[in-house]
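Inside the fold
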Amino acid sequence: MEPIIRLDNVSFAYKINEKTKVSVLKNISFSIFPGEYVAIIGHNGSGKSTLSKHLNGILTPDHGDVWVHGHNTREMKKKRDIRRAVGTVFQHPDNQIVATIVEEDVAFGLENIGVAREEMKKRVDEALNVVKMSEFRHRPPHHLSGGQKQRVAIAGVLAMQSDCIVFDEATSMLDSFGRKEVLQVMRKMNDIGMTIITVTHHMSEAAEADRIIVIEGGQIVMDGPPREIFKHKQELENLQLEVPSVSQMAEVIHSQLTNFSRDLIQEEEFIAEVEKLSKEEVV
Ligand code: ADP
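As a starting point, this report considers the structure included with it. Because the structure is predicted, anything quoted here is derived from the model rather than measured.

What follows deals with the packing of helix α5 (residues 146–159) against helix α6 (residues 176–191). The geometry of α5 relative to α6 is characterised by a closest axis approach of 8 Å and an angle of 20° between their N-to-C directions. Compared by their axis directions, α5 and α6 come out roughly parallel. Read as a crossing pair, α5 and α6 show a hand that is right-handed. Here Gly 147, Gln 148, Gln 150, Arg 151, Ile 154 and Leu 158 of α5 lie close against α6, whose contacting residues are Gly 178, Glu 181, Val 182, Val 185 and Met 189. Class assignment of the residues belonging to the contact of α5 with α6 gives a composition of 5 nonpolar, 4 polar and 2 charged.

Below, the discussion takes up the pairing of strand β2 (residues 21–32). With 8 bridges joining them, strand β1 (residues 5–15) and β2 adopt antiparallel strand pairing. The residue bridging Tyr 14 from the neighbouring strand is Val 22, located in β2. Linking β1 to β2, which pair antiparallel, is a turn of 5 residues.

In this structure, the largest pocket spans a volume of roughly 690 Å³. Lining the largest pocket are 24 residues; nearest its centre among them are Thr 88, Gly 109, Gly 156, Val 157 and Met 160. Among the elements of the structure, α2 (79–85), β6 (86–89), α3 (102–112) and α5 are those that each provide at least two residues to the lining of the largest pocket. For the lining of the largest pocket, the leading source of residues is α3, giving 5 residues. Partitioned by chemical class, the residues of the lining of the largest pocket number 11 nonpolar, 9 polar and 4 charged. Of the voids in this model, the second largest pocket is the one considered here, and its volume is about 470 Å³. What lines the second largest pocket is a set of 22 residues, and nearest its centre among them are Lys 180, Leu 183, Ser 204, Glu 208 and Glu 267.

A separate point is the pairing of strand β4 (residues 63–68). Sheet analysis places β1 next to β4, joined by 5 bridges and oriented antiparallel. Residue pairing for β4: Arg 6 is matched across the bridge by Trp 67. For β4 and strand β5 (residues 71–72), the ladder comprises 2 bridges, and the chain directions are antiparallel. Among the inter-strand pairings, Val 68 is bridged to a residue of β5, identified as His 71. Remark: 2 residues form the turn of the hairpin made by β4 and β5, two consecutive strands paired antiparallel; His 69 in that turn has positive phi of roughly 50°.

What follows is about the nonpolar core. Ile 154, Phe 167, Met 189 and Phe 230 are the most contacted members of the largest nonpolar core, which totals 52 residues. Within the residue set of this core, elements represented by two or more residues are β3 (37–41), α3, α4 (117–130), α5, β7 (164–168), α6, α7 (203–206) and β9 (211–216). The element that contributes the greatest number of residues to this core is α5, accounting for 7 residues. Not counting residues up to four positions away in its chain, the partners in contact with Phe 167 are Val 89, Ile 154, Met 186, Met 189, Ile 196, Ile 197, Thr 198 and Val 199.

Let's shift gears to the site of the ligand. Around the ligand lies a shell formed by Tyr 14, Ile 16, Val 24, His 43, Asn 44, Gly 45, Ser 46, Gly 47, Lys 48, Ser 49 and Thr 50. The backbone of Gly 45 places a nitrogen or oxygen atom 2.7 Å from an oxygen atom of the ligand. The side chain of Thr 50 places a nitrogen or oxygen atom 2.5 Å from an oxygen atom of the ligand. In the complex, 59% of the free accessible area of the ligand, which totals 560 Å², lies under the protein chains. With 3 residues, helix α1 (residues 48–54) is the largest single contributor of residues to the shell around the ligand.

The rules behind the values
- Residues numbered from 1 in each chain as written.
- Predicted model: local features only at pLDDT ≥ 70, side-chain atom pairs only at ≥ 80, totals over all residues.
- Heavy atoms only, no water.
- Axes fitted to C-alpha atoms, helices over the stretch in contact; angles between N-to-C directions.
- Helix = DSSP H or I, 4+ residues; strand = E, 2+ residues; numbered from the N terminus.
- Parallel < 35°, antiparallel > 145°, perpendicular 65-115°, else oblique.
- Left-handed = near helix turned anticlockwise from the far one by under 90°.
- Contact = heavy atoms within 4.5 Å.
- Nonpolar A, V, L, I, M, F, W, Y, C, P; charged D, E, K, R; others polar.
- Pairing = 2+ DSSP bridges.
- 1 Å grid on protein atoms, 1.4 Å probe; cavity = no way out; pocket = protein on both sides within 12 Å on 5 of 7 lines; lining within 4 Å.
- Points joined across faces, edges and corners; volume = space filled by probe spheres on them.
- Core = buried A, V, L, I, M, F, W, Y, C linked by side-chain atoms within 4.5 Å.
- Buried < 20%, exposed > 50% of the residue type's maximum accessible area, 1.4 Å probe, protein only.
- Near = heavy atom within 4 Å.
- Polar contact = N/O pair within 3.5 Å; in protein donor to acceptor, adjacent residues only side chain to side chain.
- Areas by Shrake-Rupley, 256 points an atom, 1.4 Å probe, with all protein chains shown as cover.

Dropping the structure here:
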C-alpha cells in the first residue's frame with residue numbers, strides 16, 4: 001500500500017538571524033498509511049508542532065523530503081493539492097473561524113476553490129452532519145463553545161474531502177467536555193476511513209490512537225501501538241512523559257487485587273474492568 005505521507009531523512013532548523021539557527025528536526029523518517037490513526041507525542045519543545053507543520057507543506061525541510069501522495073511538498077504547483085489532501089485543525093478554535101455564520105465558515109474553503117453551489121451545499125450538509133453541528137448551521141460561530149468551534153473547523157476540513165486530518169494540539173484549549181466531543185469526532189472519522197494524525201501531550205488522547213510516535217529532541221525514539229509504548233513507563237518518564245492516568249490507577253489496583261488487569265490504557269477499558277470486578281464480588 002502506498003503511504004499518504006512519507007518523510008525521508010527530514011531535518012529542519014529555524015533561522016533566528018544570519019548567524020543563528022535552532023536545529024529542531026533531525027533526520028526523521030516515517031510513513032503514514034491510509035486509514036491509520038496516529039498520535040505524535042513528546043514533551044514541550046521536542047519538535048511536535050514543527051513536525052506537524054511539515055506534514056502538508058506549511059514548513060518544508062532543509063534536508064530530506066516530505067511526500068504527500070507521491071508529491072514533494074516543495075513542489076509549488078502542488079501546494080494546493082497537498083493542503084487539500086492533508087488538512088490541519090489548529091490549537092486555537094477562535095483563530096480558525098473566518099465567517100459570521102457556521103455554514104458559511106464550513107463553505108469558506110470550497111468557495112476559494114470554486115466548487116459549484118449545489119455541490120457546496122451537499123458537502124457542507126454532510127460535513128456538519130458528521131460533526132453533529134447541523135442544528136447550529138445558522139448560528140454565529142462566536143457564540144459556540146470551544147469544542148463546538150473545533151467541530152466547525154473539522155467540518156471545514158471534511159468539506160474539502162481531505163484524506164487526512166492533522167490535529168495540532170487541537171484539544172489543548174478545550175475543557176474536558178469539549179475534548180471528549182472532539183475525540184469522539186476523531187474516532188468517528190477514522191471509522192469511516194479517514195487518516196487521523198493527532199499531535200498531543202495528553203496521554204489519554206494518545207491512548208485512543210492505533211499507533212504512537214514518540215519524539216524527543218527532534219528525533220523519533222519510539223514508534224508502535226499504544227499498549228506497547230505504555231509498557232515502557234520508565235523510559236517515558238525519562239522523556240518527561242507519563243503513562244495515561246488510567247494505567248497508573250490500574251497498576252495500583254492490580255497490586256492489591258491481582259485479578260484486576262494492569263494492562264489498561266483507555267477509560268472505557270478501565271470502567272469495564274471495574275464493572276467486571278463488581279460482578280465477581282456479587283457472585
Ligand atoms: P513542541 O510542539 O513539541 O512543543 P515545537 O516544534 O513547537 O515543539 O518547538 C521545538 C523547538 O523549536 C523549541 O525549542 C522552540 O522554542 C523552537 N521554535 C518553535 N517555533 C519557533 C520559531 N518560529 N522560531 C524559532 N524557534 C522556534
